[in-house]
Amino acid sequence: MELSKTYSPHEFEDRIYAKWVASGAFTANPDNVLSGAKKPYTIVIPPPNITGQLHVGHAFNNTLQDIIIRVKRMQGYETLWLPGTDHASIATESKIVAAMAEEGLTKESIGREEFLKRAWDWKVKYGGRIIGQLKKLGSSCDWSRERFTMDEGCSRAVQKVFVELYNKQQIYRGVRIVNWCPKCRTSISDVEVEFEEQQGNFWHISYPLKDGSGSLIIATTRPETMLGDTAVAVNPDDPRYSALVGKTLVLPLINREIPIVADSYVDKEFGTGAVKITPAHDPNDFEVGVRHSLPVIRVMDDGGAMNENAGVYQGLDRYKARKKIVADLDELGLLVKVEPHTHNVGTCQRCGTTVEPTASRQWFVKMDELAKPAIDIVKTGELKYVPKRFENMYLAWMENIRDWCVSRQLWWGHRIPAYYCDKCGETVVSETEVHSCPKCGGNVTQDPDTLDTWFSSALWPFSTLGYPDTESKDYKAFYPTQTLVTGFDIIPFWVARMIFSGLAYTGKKPFDAVIIHGIIRDAQGRKMSKTLGNGIDPLEVIDKFGADALRLAVVIGIAPGNDTRWTDDKILYARNFVNKLWNASRYLLLNLTGEETGILPVSLEPEDKWLITSLHGVIATVTENIENFDIGVAIGNLIDFFWKAFCDDYVELTKTRITTDINVRNVLTYALSVFLKLFHPFIPFVTEEIYSALPNVQGKLLITSEYPTVDKELILRIADEQTGLFGQVLESITAIRKLRKEKDIPDKAKVNIEIETPHTALFEYSAKFFVKLCNAESVIISDKVDEQGKTVTVCLDQRIFIPSGELFDKEKELARLNKELAKVSKEIEFSENKLNNPNFIAKAPEQQVAAEKERYAKNLEKKDTIQKSLHAIQ
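From a predicted model like this one, the values you see are computed outputs, not experimental measurements.

Caption draft 1: Local environment of the side chain of threonine 186. Mapping threonine 186 onto the fold places it in strand S6 (residues 186–188). Not counting the four nearest positions on each side in its chain, threonine 186 is found in contact with Ile90, Asn179, Trp180, Cys181, Arg408, Gln409 and Leu410.

Caption draft 2: Layout of the sheet that holds strand S11 (residues 257–262). If you trace the four strands from one edge of the open sheet to the other, you get S10-S11-S9-S12, paired in mixed fashion. Each end of this open sheet is capped by a strand with a single partner; those strands are strand S10 (248–250) and strand S12 (274–277). Pairs of neighbouring strands in the sheet enclose a mean axial angle of 30°, with direction left out of account. Here three bridges tie strand S9 (residues 231–234) to S11, and the two strands are oriented parallel to one another. Bridge pairing links alanine 233 to valine 261 in S11.

Caption draft 3: Broad picture of the packing of aromatic side chains. One pass over the full model with this rule turns up 40 aromatic pairs. Note on phenylalanine 646 and tyrosine 650: the rings are 6.4 Å apart at their centroids and 15° apart in plane angle, and the pair reads as stacked. Of this pair, phenylalanine 646 and tyrosine 650 are both found in helix H20 (residues 631–653), four residues apart, which corresponds to roughly one turn of the helix. Side by side, phenylalanine 646 and tyrosine 650 carry an identical accessibility label, which is buried. Linked through ring pairs, Tyr573, Phe577, Phe641, Phe642, Trp643, Phe646, Tyr650, Phe675 and Phe679 together constitute an aromatic cluster. For the cation-ring pair, lysine 123 lies above phenylalanine 148, with the distance from its terminal atom to the ring centre recorded as 4.6 Å. Its guanidinium or amino end placed over the ring of tryptophan 143, lysine 135 lies 5.0 Å from that ring's centre, counting from NZ or CZ.

Caption draft 4: A look at helix H16 (residues 538–545). By the burial criterion, the buried members of H16 are Pro538, Leu539, Val541, Ile542 and Phe545. Within H16, the buried residues cover an arc of 160° as seen down the axis, which keeps them to one side. Exposed residues pointing more than 90 degrees away from the buried face of H16 are listed as Glu540, Asp543 and Lys544. Buried residues along H16 sit in contact with helix H1 (13–23), helix H3 (56–74), helix H6 (129–137), helix H17 (547–555) and helix H18 (568–591). The backbone nitrogen of leucine 539 has a side-chain oxygen 3.0 Å away, supplied by the residue at the start of H16, namely aspartate 537.

Caption draft 5: Quick peek at the packing of H17 against helix H22 (residues 684–691). Contact geometry for H17 and H22: axes closest at 7 Å, N-to-C directions at 130°. Here H17 is positioned oblique relative to H22, judged by the angle of their axes. Together, Ala547, Asp548 and Arg551 of H17 and Pro684, Phe685 and Val686 of H22 make up the contact between the two elements. Of the residues that constitute the contact of H17 with H22, the class distribution is four nonpolar, no polar and two charged.

Cut-offs used in this document
- Residues numbered from 1 in each chain as written.
- Predicted model: local features only at pLDDT ≥ 70, side-chain atom pairs only at ≥ 80, totals over all residues.
- Heavy atoms only, no water.
- Helix = DSSP H or I, 4+ residues; strand = E, 2+ residues; numbered from the N terminus.
- Contact = heavy atoms within 4.5 Å.
- Pairing = 2+ DSSP bridges.
- Axes fitted to C-alpha atoms, helices over the stretch in contact; angles between N-to-C directions.
- Phe/Tyr/Trp six-rings, centres within 6.5 Å; stacked < 30°, edge-to-face > 60°.
- Buried < 20%, exposed > 50% of the residue type's maximum accessible area, 1.4 Å probe, protein only.
- Lys NZ or Arg CZ within 6 Å of the ring centre and 35° of its normal.
- Arc of directions from axis to C-beta.
- Polar contact = N/O pair within 3.5 Å; in protein donor to acceptor, adjacent residues only side chain to side chain.
- Parallel < 35°, antiparallel > 145°, perpendicular 65-115°, else oblique.
- Nonpolar A, V, L, I, M, F, W, Y, C, P; charged D, E, K, R; others polar.

Right, dumping it as structure tokens:
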């Protein structure tokens with residue numbers, strides 16, 4: 001098969017992907033694992049939201065996963081890359097609500113059943129969009145096993161885990177402070193809160209004592225919450241207030257009597273040392289309230305407006321209420337002073353609204369018992385992070401974790417399987433639907449709330465493989481999984497929860513290793529965002545450059561855990577390299593005669609042996625890089641060797657042989673086959689297309705071919721002294737080319753070359769390469785060269801001479817060298833004076849002395865080289 005003259009990815013990418021799917025290459029067979037025929041290698045995809053569209057972060061993350069899974073597939077593992085999508089409760093519900101608003105509808109106006117019907121319709125319409133885009137990228141997922149976090153199997157796992165936790169008293173319902181988003185109208189977890197710096201004020205307010213003997217001054221950044229105050233606290237060791245503890249204050253504006261309590265939570269040095277206590281709207285105040293049995297009075301509704309407990313301020317938005325409360329306090333003479341204050345304020349990650357800490361009855365998972373094994377398994381190294389430094393982020397989160405609020409005031413999601421008796425108040429938690437109270441027979445009402453999206457996502461590695469049916473073939477063959485590839489930003493959201501969930505519910509770690517990558521930033525190092533308008537649409541890149549170029553661009557130069565930058569130069573370099581691979585392959589294929597087998601011949605020339613042994617060195621290096629998840633280093637090593645050693649060196653060296661020597665054509669075919677296999681995980685489409693054109697492939701697919709391994713027997717058989725030394729020939733050619741460039745010798749101008757070398761036999765054989773690649777008129781090889789009138793350059797074991805007259809104007813060169821000699825002699829004298837100075841040796845830092853000695857030695861060497869050049873010219 002002849003490759004087209006121009007690399008045009010759109011002509012074959014879709015065709016090749018369809019061929020992969022039809023061949024069953026992506027489909028895992030558990031029987032191969034259970035029979036012991038193959039070892040498993042499983043990756044579960046971080047499920048993208050059904051509302052999502054492929055962005056450059058998805059392209060980066062999924063390219064990394066695909067590289068790993070393709071390598072493992074070719075290495076003979078029974079691979080499973082399990083795909084799927086997440087229902088993304090808040091994100092999806094907000095989009096549906098927004099769409100309904102355009103029709104003049106609300107959730108409440110159409111009811112829960114109709115709303116959920118619309119949500120499922122939305123999932124059908126948009127849920128497959130990102131899956132199709134992942135296929136365009138070349139993702140080799142097992143699409144026959146595609147899952148959804150709300151499908152029947154995942155839902156069954158969610159129900160089972162919730163009920164088990166409840167029966168073990170590890171999940172409970174109670175009133176606690178939660179992060180409440182007034183816009184989304186739901187609680188959100190700590191990790192869904194983003195803090196941003198906001199300008200505000202400290203309002204100092206006077207709270208009068210009931211007995212009229214004075215007042216206490218408190219300071220607050222949220223005066224609207226004072227309407228819910230149920231105490232003022234002071235430190236028990238603060239002498240200023242010891243006589244006031246137990247007395248009663250009158251809460252301004254509301255006129256509620258509240259006590260002064262002593263609590264060590266109060267910092268004597270901060271502010272006035274007296275703190276208003278609002279148990280319903282501050283997590284620390286809530287704990288103080290528990291210790292002192294204070295009432296919890298909530299003064300805001302779910303939408304952030306003041307409620308019936310706010311008196312005359314009822315119905316006002318919290319910020320409008322703040323302004324009116326401050327104005328009223330000022331009018332009453334109770335506003336002592338206002339100080340500008342900059343502070344960090346929690347905002348909803350989803351919508352950006354300022355979060356309101358609110359006392360609310362919610363469902364919580366107790367984390368103490370769940371966290372400990374998840375901490376230990378990382379500390380002992382049984383489950384590792386790559387890079388290791390991200391273990392610190394994980395451990396910091398887990399060691400300070402609070403009980404997890406898992407209920408959400410949403411309709412789209414897994415509905416909490418708890419039922420409350422309308423008659424006797426009994427709570428029933430069940431995996432199956434409950435119709436009546438088992439205690440009194442009364443009617444029951446199911447809890448209207450749904451579970452946090454991350455509750456179901458935490459079960460993803462095993463719920464997708466059959467759990468709770470632990471006898472299913474997929475569960476037994478592919479769980480635990482081997483590798484998770486994800487960004488550092490969701491370590492607390494998702495990774496930590498998968499780890500403790502896997503250990504708690506299956507008794508096994510969910511994966512062996514967590515591979516952390518950074519984010520892709522723009523060329524200026526900024527995070528990509530809609531606001532900045534600096535985002536990259538991967539589909540547009542694929543349309544313009546092809547999927548392989550995109551895949552290559554996102555992994556070039558990356559390091560585990562570090563951010564990387566997207567630049568125009570990167571995608572152009574990636575496209576140019578893929579084009580280089582195409583053209584180099586096309587060159588070889590055009591020179592094949594049909595006799596080639598791709599099997600290495602017995603008779604090999606030194607350059608052939610050098611290429612083969614070097615190629616096997618690259619196989620070892622790249623394989624090790626990938627095993628260590630150094631994907632950027634792996635592709636860098638591979639590109640460098642292919643471009644320089646293979647194309648620039650070997651292909652050029654063998655151009656005179658290729659039309660007449662079948663041996664060199666077989667070596668080239670063999671090498672290209674190895675390169676295609678090594679490159680395939682990174683750039684699968686173009687390598688598959690080229691592979692199909694190789695001789696004796698006979699319809700085989702590259703995707704399921706065997707990954708290259710180092711053939712030690714082959715290396716021992718072909719390697720000899722000249723094989724190891726041939727690199728010196730290439731380095732010498734490079735040195736001459738560099739010298740020609742430095743001396744501005746025109747490309748067409750021929751030069752006479754003499755090489756002094758201890759490896760005369762090899763260099764005499766290689767003289768033809770110097771003629772061709774260095775444009776030499778003549779090449780003389782000997783073990784001793786007369787230096788007179790010649791310019792010398794040293795390269796490894798060789799000294800290379802070119803008559804000076806062919807390189808430069810003698811008088812100008814003498815002047816230049818004498819100037820350089822004077823300069824370096826002055827520097828040597830300066831170093832000698834320093835090093836002969838006892839004070840310098842005794843008092844200067846050791847590193848400085850060592851650096852001076854190194855500079856002195858280099859300058860001596862440089863002086864010697866200049867003097868030799870002068871001698872040669874004169």
